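These are the residues of each chain, in order.
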Amino acid sequence: MPFLFLLFILIPIIEITVLINVGQTIGTWYTVGLVLLSAFIGINMLRYQGLSTLARAQQRLNAGEMPAQEMVEGLVLAVGGALLITPGFVTDFIGFCCLIPFTRQAFVKGLMKRFQVVSMSKRQTFEQTDTFDESKFGHHSSFKDPSKPPRQGDIIDGEFRRDD
């Protein structure tokens, strides 16, 4: 917890110092323009990279695989997007590093080594290359391939009557 407290104190001090120095060097309005331009470029990059990551996650789900890497990439993209809309050059640099695929994948690999993706129902751990197995969750998945015919037992037909 002290690390986060120091982070929230040090980052704004560093940002203000850098903004003042850049403003004195190139001028106030050019500095404001650069901050706005970096936010605009970052948001457009975030949109493109986010849609790309979502498409890869959907492909892995359709193949019956757990999209663990794509979920962590989405988290890194969200952090990068938040850093990009925060005014400042240091946070913009870190945010752009979260959006560039090469550095983002390095962040993701570091995070996946540190943490494990865990199923909430059985505390079953998944590796990045594991395939999705319905028995690990104890219920049938709700995302089936619509091009395949349903298996026997997937459809339950019945009637009910309410007796008061």
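Thresholds, definitions, all that
- Residues numbered from 1 in each chain as written.
- Predicted model: local features only at pLDDT ≥ 70, side-chain atom pairs only at ≥ 80, totals over all residues.
- Heavy atoms only, no water.
- Helix = DSSP H or I, 4+ residues; strand = E, 2+ residues; numbered from the N terminus.
- Buried < 20%, exposed > 50% of the residue type's maximum accessible area, 1.4 Å probe, protein only.
- Contact = heavy atoms within 4.5 Å.
- Areas by Shrake-Rupley, 256 points an atom, 1.4 Å probe, with all protein chains shown as cover.
- Salt bridge = Lys/Arg side-chain N within 4 Å of Asp/Glu carboxyl O.
- Patch = residues over 30% accessible without salt bridge, like charges linked within 9 Å, V, L, I, M, F, W, Y side chains within 5 Å.
- Axes fitted to C-alpha atoms, helices over the stretch in contact; angles between N-to-C directions.
- Parallel < 35°, antiparallel > 145°, perpendicular 65-115°, else oblique.
- Nonpolar A, V, L, I, M, F, W, Y, C, P; charged D, E, K, R; others polar.
- UniProt positions renumbered as here; feature names shortened; annotations may be inferred.
- Left-handed = near helix turned anticlockwise from the far one by under 90°.

K.L.:
Lay out the overall build of the protein chain with the relevant residues and their values.
P.N.:
Along the backbone of the protein chain there are five helices and two strands. Taken across its 164 residues, the protein chain has 24% of its residues classed as buried. Put simply, 53% of the contacts in the protein chain that link residues at least 6 apart link residues at least 24 apart. Of the accessible surface of the protein chain, which amounts to about 12,400 Å², a share of 66% is contributed by carbon and sulfur atoms.

K.L.:
Residues and numbers for the pattern of salt bridges, please.
P.N.:
Applying the stated criterion across every chain yields a total of five salt bridges. R161 is paired through a salt bridge with D163; the nearest N and O atoms lie 3.3 Å apart. An identical accessibility class is assigned to R161 and D163; each is exposed.

K.L.:
Help me get a handle on a nonpolar patch on the surface, residues and values and all.
P.N.:
Judged by side-chain polarity, F5, L6, I9, L10, I13 and I14 come together as a nonpolar surface patch covering roughly 570 Å² of accessible area. Tracing the chain through its elements places F5 in helix α1 (residues 2–26).

K.L.:
I'd like to hear about the packing of helix α2 (residues 28–62) against helix α3 (residues 68–85), residue by residue, with values.
P.N.:
Where α2 contacts α3, the two axes come as close as 10 Å, and the packing angle between them is 170°. Taken together, the axes of α2 and α3 lie roughly antiparallel to each other. Judged by residue contacts, S38, A39, G42, I43, L46, Q49, G50, T53, R56, A57 and R60 of α2 engage E70, E73, G74, L77, G81, L84 and I85 from α3. Grouping the constituent residues of the contact of α2 with α3 by class yields seven nonpolar, seven polar and four charged.

K.L.:
Before we move on, could you go through the UniProt feature "transmembrane region" (unreviewed entry) in the protein chain and cite the residues and values that matter?
P.N.:
The feature "transmembrane region" (unreviewed entry), as annotated in UniProt, sits at residues 26–46 and 75–102 in this numbering. Helix makes up 95% of residues 26–46 and strand 0%, whereas the separation of the span's terminal C-alpha atoms amounts to 28 Å. For residues 75–102, the end-to-end C-alpha separation is 16 Å, with 86% helix and 0% strand making up the annotated structure.

K.L.:
So what about the environment of I43? Which residues, and what values?
P.N.:
Within the fold, I43 resides in helix α2. Taking the C-alpha atoms as reference, I43 lies 7.8 Å from I85; in sequence the two are 42 residues apart.

K.L.:
Break down the side chain of T31 for me, with residues and values.
P.N.:
Relative to the assigned elements, T31 resides in helix α2. In contact with T31, not counting residues within four places along its chain, are L19, V22, G23, I26 and F89.

K.L.:
I'd love a proper account of the packing of α3 against helix α5 (residues 101–114), names of residues and values included.
P.N.:
Two elements in contact, α3 and α5, have axes whose closest approach is 9 Å; the angle formed by their N-to-C orientations is 115°. Classified by chirality, the crossing of α5 by α3 is right-handed. Along its contact with α3, which presents A68, Q69, V72, E73, V76 and L77, the element α5 presents R104, Q105, F107, V108, L111 and M112. Split into classes, the residues belonging to the contact of α3 with α5 amount to eight nonpolar, two polar and two charged.

K.L.:
An account of the environment of I100 is requested, with residue identities and associated values reported.
P.N.:
Considering the arrangement of structural elements, one finds I100 in the loop between α4 (89–99) and α5. Since its relative accessible area comes to 37%, I100 is described here as partly exposed. Separated by 20 residues in the primary sequence, I100 and G80 have C-alpha atoms spaced 9.8 Å apart.

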